[in-house]
Every structure is written in structure tokens, then in C-alpha cells.
Amino acid sequence: MSGAPPPPRALLRELFAAALAAVDPAAAIARVVEREGDAVRVGGEVTPPARCVVLAAGKASVAMARAWHERVGPPRAGLVVSREPGALPAPWRTRVGGHPLPTEASAAAGEAAIVLAEEVREDETFVVLLSGGASALLSTPLPGLTLADVRATTRALYLGGAPIGSLNCVRKHLTAASGGRLAARTRARATRVLALSDVIGDDVATIGSGPCAPDDTTFRQALAVLESGDAREKAPAAALAHLERGMRGEIEETPKRSAACFARVRHTIVGSNATALAAAAGAARARGIDASVRAEPLSGEARETGAQLAREALGMRSGVPRLWIAGGETTVTVSGDGNGGRCQELALGAALALAGERGVTLLAAGTDGSDGPTPAAGAFADGETVARGRAAGVDARAALARNDSYGFFAPEGGHLITGATGTNALDVVLVLVEPHS
């Protein structure tokens, strides 16, 4: 495809759609799963017999389970744990949990997943279709803790801007289905995990808090996470006491690499943020646009990252259209009383840096179709964003100070609304730099 590209926002929507298509769960499962007579080939490895027990957990669980059913057939037993309901034929059972903060339904779903793992027979294969969001959706507290303890601890870390690795370190030591504990509960002859990655580097111990992966973190490290910043003051006393008991050896650690159960476990990454970014770049090049993928993944404070991307884009202007593509996961340290998410806050930070400039348009959006507790996937920013907001009665700097990026973009008109996409492969940021006129 070539010729004149559509207007900037339309083009970025098109490229974001290409990124989403590349991490579509059905396509991802089809790439690695085949039925071969009475056997199933999973990730290039034949798994006899075909009789499988399947757990699908995470934001992409419904689509992944449906793809498995269509590709392989009905499992002997199947459980889907999702953030939203989805219809699946028998023998699948579905449960809806809470995200990003766990709910009572999340605790019940985690228990159901453990029961399913324990019911897998010694001559069967346990298949886990894993995607981001499973950490919160499978949140059965360990003995001595309540869901309120887990929820309040998770909330304290979220509001404090804890990176995903630190957050998961703590969750693995508070919940019963994470940190390799699920793999330790099954007698299956083999456990095969097909993971749609929502973490940079595709670390299987981090995706969904690694329910079937060995955990290198410890109670001591989890306690250190809570002791940093002001999380300790906000975390429940029961959670702190639990971690302290674990540090003293009074509670069994998460399974480590030497655990016998992991000899039967294999992980296959079926899609990732890198897959999405490469697809966006390919779609841009098909339109004759010079596209490049930023090597360094996005991280750090969203507003600062957005401003930095904008400044770098302004320095890239030349005589040809260019597209700069980045992916990852930034953080938001919440100090205000507004509403928003990391992609919208990144876009708002970029908008302030782009104010009054021409030729640069940015889109920051979550591949799952949601950004924080809002209905938006993300937002656009360009040189007129701040002025449009002012005309609509909202001030960009004041909104940023209150962490109210959603409250700014709603009247300004910059939101990208996709609805739930059925996938989850981190965030995508597309920066279009138009040629000098």
C-alpha cells in the first residue's frame, strides 16, 4: 500500500489496529497449536495424549480458550478466568474476577484454578493459556491473610507507582496460585503454558505473576518492596506480619528452580509487545513511511516519558514523514484526586511539550483497550491539544497536577476508545513526525 497517507489521527488509528491484529489471541494460538490425530502439538512439541485439562486466565483468556477449542476441540475439563464474561461451549466453565484490584470473585477464581490443577490426572496434560491480568484475577490469599489484606497491599503499591516486578514480587508471597505454586499443585504428566506476554523481556516468572514458573524472589525482597516509599504505612499490618514470618522461615517460600515440578513445565510465548510494535512498523512502511522501533522500552513516570518523547520527536523533523514506535509500561505516582491512566498521562505530558508546535502527533494506548479505571484505551496529543483543552474549559497543567488526564481529554476530544480488545501486550506509543511544509 502506498500513496498519500490519511490525516495523522486516522493513520495512527490504522497503525494501532495493525499492532492489535498481530497480538490477536486466536492468531497467536493458531501459530503454535496443531491437532495431530490423537495428539496435540504445542509450541513445536507433541503432547500425547490429546486429553488435556485447560486453564485460561487473564485479559485475553476468553479469546485464547475459544481459539484452543476451535483448534484442538473440547478439553477434558476447562476453566476460564477473565475480567469480563464470555460465552464458551461445554465443558468450559467461566469465572469473572476483579482487575486491577482483586475482588472476592478473584479469590474464588484462584481457588477454582487450584482445584482444577489438583484434579488433573497423572496421564493428562495441564495446559495454561496465560495473559496479563491473571495476577489480580487469581488472587486467593495464603492462609492467615484475607482478601482485604491483599487488596489493600496491591492498592498501596499501585498508587505508589511500583513497577510491575516489585508489585508481583509482593503478590507472589501473598497469594496461593502465583509464583510457581500452581505448577506445584498438579500431578499432570506435563504442564504446557502458552503465554501472551504483557511484560518487557517476556519473563515467564512475571507474566501473570508466574503461576507455573519458578520464583527467584523471596519474602525478604517482598518486605523490602513494602518498606520503600510510603507503602509500609498504607499496607495492612497482617500483610507485613505475614512477610516477616516468611522471612523467618515460618512460612514456606515460593517454589524455586530446583523444585521437581518444573521439570514437567514448558513455557511458550505466543505474542508480545515486540510483535505488536513490529506489525505497526510494517504497516507504516507499506505506506511509504520511514518507521523505526525505539530499542529502549518505555518505563518511568508517564508524564516525564511523554514529554521526553515529544522533545525528541521535535528534533526528528525533516523532509520526509517518519514514524517513531515505542512500547512498554510506564508508571503513575498518584498524588492528586483525578482520574486517568498511564497512557493518558503520558499523552498529556507530551501535549504540554508539543504546545504551539506543528507536525508531530502522538498516540499512546493500551493494547487491552483500557487505561487505568477509565473507558479509554489512551489518547492523542499534538501541538493544538493544550489550546483545544483551554477552549473546552480545561487546563492541561492543572489536570496533570491532579492526575486527571481523563478529565482533560474527555472535553478536549483526544481520547482513543476501542472497547475491550481481547488481548493484552503492554502499551504502544506511535509518534508521527510530518515533513516540513
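Look up a bit, the structure's there.
Just so it is clear, the structure is predicted and the values come from calculations on it, not from any experiment. (Residues numbered from 1 in each chain as written. Predicted model: local features only at pLDDT ≥ 70, side-chain atom pairs only at ≥ 80, totals over all residues. Heavy atoms only, no water.)

Notes on the sheet that holds strand β6 (residues 92-96)
Turning to step 1, where the next piece is worked out: Sheet architecture is open: six strands sit in the order β6-β5-β4-β7-β8-β9, paired in parallel fashion. Edge positions in the sheet fall to β6 and β9 (265-271), since each has one partner strand and no second. Shown here is a sheet whose adjacent strand axes are inclined to one another by a mean of 15 degrees, direction ignored.
Turning to step 2, where the next piece is worked out: Relative to strand β8 (residues 190-196), strand β7 (residues 125-131) is paired through seven bridges, and the arrangement is parallel. In the sheet register, Leu-130 faces β8, and the bridge partner there is Ala-195.
Turning to step 3, where the next piece is worked out: On top of the sheet, helix α3 (residues 61-72) reaches β4 (52-57), β5 (77-82), β6, β7, β8 and β9; it is set at about 140 degrees to β7, its chief contact. (Pairing = 2+ DSSP bridges. Helix = DSSP H or I, 4+ residues; strand = E, 2+ residues; numbered from the N terminus. Axes fitted to C-alpha atoms, helices over the stretch in contact; angles between N-to-C directions. Contact = heavy atoms within 4.5 Å.)

Observations concerning unusual backbone geometry
Turning to step 1, where the next piece is worked out: Cis geometry marks the peptide bond from Ala-90 to Pro-91; its omega dihedral reads 10 degrees.
Turning to step 2, where the next piece is worked out: Tracing the backbone shows Pro-91 in the loop between β5 and β6.
Turning to step 3, where the next piece is worked out: Cis geometry marks the peptide bond from His-99 to Pro-100; its omega dihedral reads 5 degrees.
Turning to step 4, where the next piece is worked out: The topology assignment puts Pro-100 in the loop between β6 and α4 (104-119).
Turning to step 5, where the next piece is worked out: Positive phi is not limited to glycine here, since Ser-209 has a value of about 60 degrees.
Turning to step 6, where the next piece is worked out: Inspection of the secondary structure assignment puts Ser-209 in the loop between β8 and α9 (219-227).
Turning to step 7, where the next piece is worked out: Taking the relative accessible area as the measure of exposure, Ser-209 reaches 1% and is therefore buried. (Buried < 20%, exposed > 50% of the residue type's maximum accessible area, 1.4 Å probe, protein only.)

Focus on the side chain of Thr-374
Turning to step 1, where the next piece is worked out: Checked against the element boundaries, Thr-374 lands in the loop between β12 (360-366) and β13 (378-382).
Turning to step 2, where the next piece is worked out: A distance of 3.1 Å separates a polar atom in the side chain of Thr-374 from a polar atom in the side chain of Gln-344.
Turning to step 3, where the next piece is worked out: The contact partners of Thr-374, leaving out residues within four places of it in the chain, are Asn-339, Gly-340, Gln-344 and Tyr-406. (Polar contact = N/O pair within 3.5 Å; in protein donor to acceptor, adjacent residues only side chain to side chain.)

Section: the pairing of β8
Turning to step 1, where the next piece is worked out: A large share of β8 lies buried, amounting to seven of its seven residues.
Turning to step 2, where the next piece is worked out: With six bridges connecting them, β8 and β9 associate as parallel partners. By the bridge assignment, Arg-192 is partnered in β9 with Arg-266.

Some remarks on the environment of Ser-61
Turning to step 1, where the next piece is worked out: As for its placement among the helices and strands, Ser-61 is situated in helix α3.
Turning to step 2, where the next piece is worked out: Residue Ser-61 is classed as buried on the basis of its relative accessible area of 0%.
Turning to step 3, where the next piece is worked out: Separated by 105 residues in sequence, Ser-61 and Ser-166 place their C-alpha atoms 24 Å apart.
Turning to step 4, where the next piece is worked out: In this structure, Ser-61 is in contact with Ala-56, Val-80, Val-81, Ser-82 and Ser-131, ignoring residues within four places of it in sequence.
Turning to step 5, where the next piece is worked out: Only 2.9 Å separates the side chain of Ser-61 from the backbone oxygen of Gly-58, close enough to count as a polar contact.

A few points about helix α12 (residues 273-286)
Turning to step 1, where the next piece is worked out: In this model, α12 (14 residues) spans 20 Å end to end at C-alpha, consistent with the 20 Å of a helix rising 1.5 Å per residue.
Turning to step 2, where the next piece is worked out: Taken as a whole, α12 has its buried residues at Asn-273, Ala-276, Leu-277, Ala-280, Ala-281, Ala-283 and Ala-284. Buried residues of α12, viewed axially, fall in a sector of 165 degrees; they line one side.
Turning to step 3, where the next piece is worked out: Taken together, the buried residues of α12 touch α1 (8-22), β10 (290-293), β11 (322-328) and β15 (427-433). (Expected span 1.5 Å × (residues − 1). Arc of directions from axis to C-beta.)

Here we look at the sheet that holds strand β2 (residues 39-42)
Turning to step 1, where the next piece is worked out: Strand order in this open sheet of three strands is β1-β2-β3, and the pairing throughout is antiparallel. The outermost strands of the open sheet, each flanked by one partner alone, are β1 (33-36) and β3 (45-47). Geometrically, the sheet is characterised by an average inter-axis angle of 30 degrees between neighbouring strands, direction not taken into account.
Turning to step 2, where the next piece is worked out: Two strands pair when backbone bridges link them, and β2 and β3 are joined in this way by three bridges, in the antiparallel orientation. What sits directly across from Val-42, in β3, is Glu-45.
Turning to step 3, where the next piece is worked out: Those strands touched by α3 are β1 and β2, and its axis lies near 25 degrees from that of β1.

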